[in-house]
Structures are given as C-alpha cells and as structure tokens.
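# A closer look at the structure
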Amino acid sequence: MSRSPSLPERPRLDLDPEMSDAERLSAIRKHYERLLTVNEELDERLTDATETQSELQSEVDKLKRRNETLKTSSLYLASVEELTDNGEVVIKQHGNNQEVLTELSSRLDGDLEAGDRVAINDSFAIQQVLDDETDARAQAMEIDASPQVTYTDIGGIDDQVREVREAVEDPLTNPALFEEVGVEPPSGVLLHGPPGTGKTMLAKAVANETDATFIKMAGSELVRKFIGEGSRLVRDLFDLAAEREPAVIFIDEIDAVASKRTDSKTSGDAEVQRTMMQLLSEMDGFDERGEIRIIAATNRFDMLDEAILRPGRFDRLIEVPKPGHEGREQILEIHTRDMNVADDVDFGELVSDIDEYSGADLASLATEAGMFAIRDDRTEVRRSDFDDAHEKLEDSDTQTTIPGPTTYQY
Ligand SMILES: Nc1ncnc2c1ncn2[C@@H]1O[C@H](COP(=O)(O)OP(=O)(O)OP(=O)(O)O)[C@@H](O)[C@H]1O
C-alpha cells in the first residue's frame with residue numbers, strides 16, 4: 001500500500017515588533033491567504049481519504065460476504081479409498097463416483113482410515129470425518145422385523161383398512177390373482193390426513209399381516225446436511241428392503257422431500273429436489289423389485305408435488321380422516337381393552353362432545369383416565385376419571401399444542 005504524502009506544513013505568522021501597521025496588516029493578510037490554501041488542500045485530502053475509506057469498506061463487506069458463502073457453502077460426501085505413504089488420500093465422491101487424489105490436512109492426520117465417510121468441499125479438501133455409514137442408516141431408519149400392530153387395534157377407519165389391504169396386502173399375498181385378472185397392483189399408496197389418525201398403525205398392521213419387515217423412514221430424515229446424502233439414504237432404503245423382502249417401506253412426512261417446487265434457488269432446495277428425484281427413480285424401477293410395497297404418509301397433501309402422484313408412483317390415494325362418533329367410540333374401546341372400566345362409563349356418551357379428538361388424542365384420554373384412577377388408589381376407572389382426563393388434555397392443549405387434542409385444520 002502506498003504511503004500517503006505528508007500533511008502540508010502549518011503556516012506560521014511571524015510579526016516583527018519593528019513592523020509598521022501597514023506591514024503587519026499585509027503579513028496577516030498573507031498568512032490568512034496561506035491558511036486558506038492549506039485548508040483547501042486539507043479539504044481535498046479529506047475528500048480523497050473519505051472516498052478511499054468507503055471503497056475499502058465496500059471491499060471489506062464483499063470479502064465478508066464471500067467468507068460467509070465459503071463457510072456456509074455445501075459440502076459433498078465422499079468415501080476414503082486409500083491413504084498413501086506421503087500423506088495423500090484417494091477419495092471417491094458419492095453420486096458421481098469420481099476418484100480424486102487429495103492432500104490430507106495435518107489437522108486430520110491420524111484420524112482417517114480407508115472406508116471412512118468424509119465431507120469434502122468444492123476443491124476436494126476434506127472438511128470433516130462423518131459418522132459411520134451404518135450409523136447414519138440406523139439413525140434414519142426404523143426397522144421392525146415383526147411389528148405387533150394388527151387390524152383389530154385400529155378403530156374407526158374400516159374403509160381405509162380395506163383399501164390398504166387391497167392395495168398392499170393382496171399383491172403381496174396373492175400376486176397370481178393380479179396376473180390372472182391382468183391388472184397392475186398400485187405401485188405406492190399415499191395415506192393423507194391429520195396427525196394421529198392411525199396412518200403409521202395401518203402400515204405396521206399390513207406388514208404384520210403379510211409377515212413383512214416394516215422399514216420406516218421419516219421424510220425429514222432424508223433432508224440431510226450434505227449433498228448426496230439424502231439420495232444415498234433413499235437408495236439404502238430400497239436396497240435394505242430388497243435384502244429383507246417381503247418388506248413394507250413406510251415413508252412418513254413425505255412432504256419434507258416431495259413438496260411443490262419453491263422459487264428459491266438455494267443449494268438446500270436443490271438437494272431436496274435431488275432426493276425426491278432419487279425416490280421417483282427408485283419407484284419407477286419398482287416392477288423388478290419383487291415383494292416390496294411402499295406406503296407414504298403426509299399431513300400436508302396440499303403441499304405435494306404432483307410428480308409423485310403420477311401413475312406408477314403414489315397412485316393410490318387414501319384419505320385417513322379424524323374419526324366420527326362411532327369411530328371414536330371404537331377407538332376408545334380398543335384403548336381401554338385392558339382396563340377395568342366401571343359400569344358408569346358410557347363411551348357413546350363420553351365421545352359425543354369431543355368431536356375434535358383424533359385416535360392419538362383418544363389413546364391419551366384413556367391413559368390419562370387410568371392415571372387419575374391410580375392416583376386415587378383405585379384399579380377401576382370411572383367416568384369422573386375420564387372427565388378429569390378430558391379437562392387435563394384441554395388445559396394442556398391451551399398451554400402447548402401437544403399432547404392435547406389436535407386442533408389441526410385439515
Ligand atoms: N384409528 C386408530 N385406532 C386406534 N388407535 C389409534 C388410531 N389412530 C391413532 N391411534 C393411536 O394414536 C397413536 C398414533 O397413531 P399413528 O402414529 O398411527 O398416527 P399417524 O396418523 O401416523 O400420525 P402422524 O401423522 O402424526 O404420523 C397410535 O399408536 C394409537 O395409539
């Protein structure tokens with residue numbers, strides 16, 4: 001950086017006592033003129049300096065922004081293939097399988113082994129060593145080899161149970177029937193409706209009934225931090241189902257990866273799109289997959305991208321609404337099956353003024369009523385316990401949104 005020229009010398013006024021008045025006046029005038037010139041010069045220098053300062057400030061701002069983008073820019077997933085003797089690493093990027101030789105930063109020296117998963121930046125520099133792949137899988141998926149839920153545990157949605165059985169169970173238990181009739185079984189079933197209405201239960205019950213492994217993945221788990229991680233998990237999900245067939249894949253909150261396209265162009269959105277594309281391509285290749293059925297669920301049907309509803313994808317839509325009066329009665333009966341309920345309890349009457357309750361709310365009502373009886377040292381659950389439980393759930397609903405009855409607008 002060039003050094004700024006030194007400041008102009010400060011003018012001095014030397015008045016000789018011998019001077020005449022006229023000489024003094026002329027000296028003062030000259031001094032005044034010199035002061036004016038220096039002042040002008042300083043003014044100019046100040047303007048220049050202010051300009052330079054504002055230029056530098058905007059450069060600083062620009063660098064700050066670049067730094068932020070660099071810090072927050074997306075990282076890619078890769079696996080370590082090999083560590084060379086001279087401190088370099090061969091990595092293979094997930095997604096495109098590109099192999100790259102990259103230098104290992106001294107920060108990571110000794111921490112890395114062949115087979116590790118790492119996050120790399122645009123220049124292939126390793127930024128982070130990640131959890132083991134099997135850990136990531138285990139965290140994201142719930143696998144239940146033999147779920148315990150049966151159709152008799154589900155109340156108030158008989159039509160939905162029948163539809164799910166037709167669409168999921170029959171193709172697994174009687175594929176020949178579909179061949180004979182010459183119809184393709186639905187590829188995927190989408191259950192949509194408010195929270196806590198039994199969508200997960202339905203998927204589990206089908207898996208139970210067909211002796212299939214139940215594999216659940218939450219859509220929100222597919223929205224991952226690193227580029228390629230979501231689509232990788234989708235592939236893992238279908239590979240795992242193929243290893244364990246017969247299997248029922250259940251993707252809850254599918255809206256997290258299959259929402260209508262937004263206008264924003266952030267890398268996060270692009271990554272969600274990539275994950276959805278992977279899901280669609282897995283579903284498109286579904287015919288060859290044998291005994292795997294796929295069920296998805298959402299509370300936000302209105303948000304879904306139509307691409308996932310096309311024929312061959314989630315082409316059987318089943319709405320699972322909140323239960324009606326009879327449904328609520330059935331559900332309450334199911335959840336009090338193992339309880340000693342007093343004769344003064346009339347479920348029909350009890351559920352008539354709680355029409356906003358979902359199945360999950362009714363399950364909580366039964367549990368809470370049981371808790372009131374226990375608190376009172378009784379083994380029999382009375383009508384007053386249900387009333388207290390109702391009040392408690394109403395109260396907790398006004399304070400928090402969970403676990404009181406859902407006031408969700410669907
Ligand atoms: N129709 C039902 N019959 C009996 N119990 C039910 C029913 N619906 C919900 N429940 C109770 O509520 C709990 C939660 O239900 P489930 O997880 O199936 O709801 P969901 O529709 O999948 O909810 P979400 O959309 O929030 O995932 C169940 O474990 C069960 O105890």
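Everything that follows concerns the structure shown earlier in this document.
Keep in mind it's a predicted model, so treat the numbers as computed, not measured. (Residues numbered from 1 in each chain as written. Predicted model: local features only at pLDDT ≥ 70, side-chain atom pairs only at ≥ 80, totals over all residues. Heavy atoms only, no water.)

### Description of the overall build of the protein chain
- Assigned secondary structure in the protein chain consists of 12 helices and 13 strands.
- Looking at the protein chain as a whole, 40% of its 410 residues are labelled buried.
- Here the analysis covers contacts within the protein chain between residues at least 6 apart in sequence; of these, 70% occur between residues at least 24 apart.
- For the protein chain, the accessible surface area stands at approximately 23,800 Å², while carbon and sulfur atoms represent 47% of it. (Helix = DSSP H or I, 4+ residues; strand = E, 2+ residues; numbered from the N terminus. Buried < 20%, exposed > 50% of the residue type's maximum accessible area, 1.4 Å probe, protein only. Contact = heavy atoms within 4.5 Å. Areas by Shrake-Rupley, 256 points an atom, 1.4 Å probe, with all protein chains shown as cover.)

### Regarding the nonpolar core
- With 29 residues, the main nonpolar core has Leu 237, Phe 238, Ile 249, Ile 251, Ile 254, Ile 308 and Phe 314 as its most contacted residues.
- Secondary-structure elements contributing two or more residues to this core are strand E8 (213–218), helix H7 (229–244), strand E9 (247–252), helix H8 (267–284) and strand E10 (292–298).
- At six residues, the largest contribution of residues to this core is made by H7.
- Sequence-distant contacts of Ile 251, defined by excluding residues within four places in its chain, comprise Met 217, Gly 219, Leu 237, Leu 279, Ile 294, Ile 295, Ala 296 and Ala 297.
- Val 161, Val 206, Ala 212 and Phe 250 belong to the second-largest nonpolar core, a separate cluster that totals 23 residues. (Core = buried A, V, L, I, M, F, W, Y, C linked by side-chain atoms within 4.5 Å.)

### Thoughts on the site of the ligand
- In the vicinity of the ligand, 18 residues are found, and the nearest of them are Gly 155, Gly 196, Lys 199, Thr 200 and His 335.
- In the model, a nitrogen atom of the ligand is placed 2.9 Å from a nitrogen or oxygen of the Gly 155 main chain.
- Protein coverage of the free-state accessible area of the ligand, which is 630 Å², stands at 77%.
- Of all elements in the fold, only helix H5 (199–209), helix H9 (325–335) and helix H11 (359–375) reach the threshold of two or more residues within the shell around the ligand.
- For the shell around the ligand, the per-class residue count stands at seven nonpolar, eight polar and three charged.
- Taken domain by domain, the makeup of the shell around the ligand includes at least three residues from each of domain 3 (136–319) and domain 4 (325–399). (Near = heavy atom within 4 Å. Polar contact = N/O pair within 3.5 Å; in protein donor to acceptor, adjacent residues only side chain to side chain. Nonpolar A, V, L, I, M, F, W, Y, C, P; charged D, E, K, R; others polar. Domains from an automatic or database assignment.)

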